[in-house]
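Spelled out, the chains give:
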Amino acid sequence: MNAARSRTRIAVVGSVAAGSVLLLSGTAFAHVTVQPEGAAAKGGYAVVDFKVPNERDNAKTIKVEVNFPTDHPLASVMPQPVPGWNVEVTKSKLDKPLTVHGKQINEAVTKVTWSGGTIESGQFQKFPLSIGSLPTDTDQLVFKALQTYDNNEVVRWIEEAKKGAAEPANPAPTLQLTAAAAGGDDDAAPAADNKSAAGQKAQASSSSSSDTDTTARVLAVVGIVVGVAGVAFGVFAGRRRSA
């Protein structure tokens, strides 16, 4: 009897422990995050996805606001349409103008807001943006996000992670930047390769055309010779019959 009770207690404790692990794991992964599609190289442009999960069982996410860093403003921000959602891009004047491709930019995007759609419980939604040019004097960009539910609850994903410290409860989406892409030589390499390939193709085509022309000429000559031979044979045969 005591052994049976012990086994029951062990089973209950194990179930509670497993449930706690799953609960903590779910909480740890249920953050608003930002990830690049490919590389996010310093000085370049990138397409990034803001991934927004719904971590509430009794409410739907109805609005997402992403605030852009003011210490590293981005001159170009273009949203990709998300079915069922409206998007609003907010720009503000810069204290210090940016120089992009030789032109001065006096304003930059400071916030992007998605609304009108819903994210159901247990689901997530990606919100893609094309951004650039990325700064060259930092290794990351921190975006502070607000997630609004249909019960008027607002979750503020605005806490910046610190090295050596535990992850905050509501961490801000952070985009890690990679090393700057190689210079013009590398960028020109594919074009040079394409030109080389095109040249080889043109040369092969020209060679093939030349071979075809030569073959046609040989066949024409052979045809003429055969024709002349046939005529001569006919004339010879006719004279022989006459004789």
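The rules we used
Residues numbered from 1 in each chain as written. Predicted model: local features only at pLDDT ≥ 70, side-chain atom pairs only at ≥ 80, totals over all residues. Heavy atoms only, no water. Helix = DSSP H or I, 4+ residues; strand = E, 2+ residues; numbered from the N terminus. Contact = heavy atoms within 4.5 Å. Areas by Shrake-Rupley, 256 points an atom, 1.4 Å probe, with all protein chains shown as cover. Phe/Tyr/Trp six-rings, centres within 6.5 Å; stacked < 30°, edge-to-face > 60°. Buried < 20%, exposed > 50% of the residue type's maximum accessible area, 1.4 Å probe, protein only. Lys NZ or Arg CZ within 6 Å of the ring centre and 35° of its normal. pLDDT = per-residue confidence, 0-100. Pairing = 2+ DSSP bridges. Axes fitted to C-alpha atoms, helices over the stretch in contact; angles between N-to-C directions. Core = buried A, V, L, I, M, F, W, Y, C linked by side-chain atoms within 4.5 Å.

**Side note on the overall build of the protein**
Right, on to step 1. Scanning the protein from N- to C-terminus turns up two helices and 11 strands.
Right, on to step 2. Order of helices (α) and strands (β) in the protein, N terminus to C terminus: α-β-β-β-β-β-β-β-β-β-β-β-α.
Right, on to step 3. Long-range contacts, defined as pairs at least 24 residues apart, comprise 69% of the intrachain contacts of the protein with a sequence gap of at least 6.
Right, on to step 4. Total accessible area on the protein stands at roughly 16,200 Å², and carbon and sulfur atoms take up 55% of it.

**With respect to the packing of aromatic side chains**
Right, on to step 1. For the coordinates displayed, the defined rule picks out four aromatic pairs.
Right, on to step 2. Centroid distance F68 to F143: 5.1 Å. Interplanar angle 90°. Geometry classified as edge-to-face. Here F68, found in the loop between β3 (61–67) and β4 (76–79), pairs with F143, found in the loop between β8 (140–142) and β9 (144–149); they are 75 residues apart in sequence, far enough to count as distant. We note that F68, like F143, is buried.
Right, on to step 3. Their ring planes at 40° and their centres at 4.8 Å tell us that W114 and F127 sit as a pair that is tilted. Remark: F127 occurs in strand β7 (residues 124–132) and W114 occurs in strand β6 (residues 103–119); sequence separation between them is 13 residues.
Right, on to step 4. An aromatic cluster of at least three residues, connected via ring pairs, comprises F50, F68 and F143.
Right, on to step 5. Over the ring of F124 we find K51; its NZ or CZ atom is 4.5 Å from the centre of that ring.

**Some thoughts on the confidence of the model for the protein**
Right, on to step 1. For the protein, mean pLDDT is 76; residues scoring 70 or higher make up 62% of the total.
Right, on to step 2. Taken together, the stretch residues 184–210 has pLDDT below 50 and engages in one contact with residues farther than four places along the chain or on a different chain.
Right, on to step 3. Every residue in residues 239–243 is under pLDDT 50, and counting partners more than four places away or in other chains gives zero contacts.

**Considerations on the sheet that holds strand β2 (residues 46–53)**
Right, on to step 1. Taken together, the four strands give an open sheet; going across it, the order is β1-β2-β7-β4, and neighbouring strands pair in antiparallel fashion. Each having just a single partner strand, β1 (33–36) and β4 make up the two edges of the open sheet. Averaged over all neighbouring strand pairs, the angle between strand axes comes to 30°, with direction disregarded.
Right, on to step 2. Where β2 meets β7, eight bridges bridge the pair, whose relative direction is antiparallel. What sits directly across from K51, in β7, is K126.

**Quick word on the side chain of T148**
Right, on to step 1. Along the chain, the position of T148 falls in strand β9.
Right, on to step 2. Residues contacting T148, with those up to four places away along its chain left out, are K60, T61, I62, K63, E153 and V154.

**Let's talk about unusual backbone geometry**
Right, on to step 1. The omega torsion across G132 and S133 is -15°, close enough to zero to call that bond cis.
Right, on to step 2. Phi at N152 is positive, roughly 75°, even though this residue is not glycine.
Right, on to step 3. Judged by relative accessible area, N152 falls into the exposed class, the value being 69%.

**Re the nonpolar core**
Right, on to step 1. In terms of nonpolar packing, the biggest core is built from 31 residues, with F68, F127, L129, I131, F143 and L175 touching the most fellow members.
Right, on to step 2. Breaking this core down by element, the ones donating at least two residues are β2, β3, β6, β7, β9 and β10 (154–157).
Right, on to step 3. With sequence-adjacent residues up to four places away left out, I131 is seen in contact with G44, Y45, A46, V48, F68, L74, S76, V77, F143 and L175.

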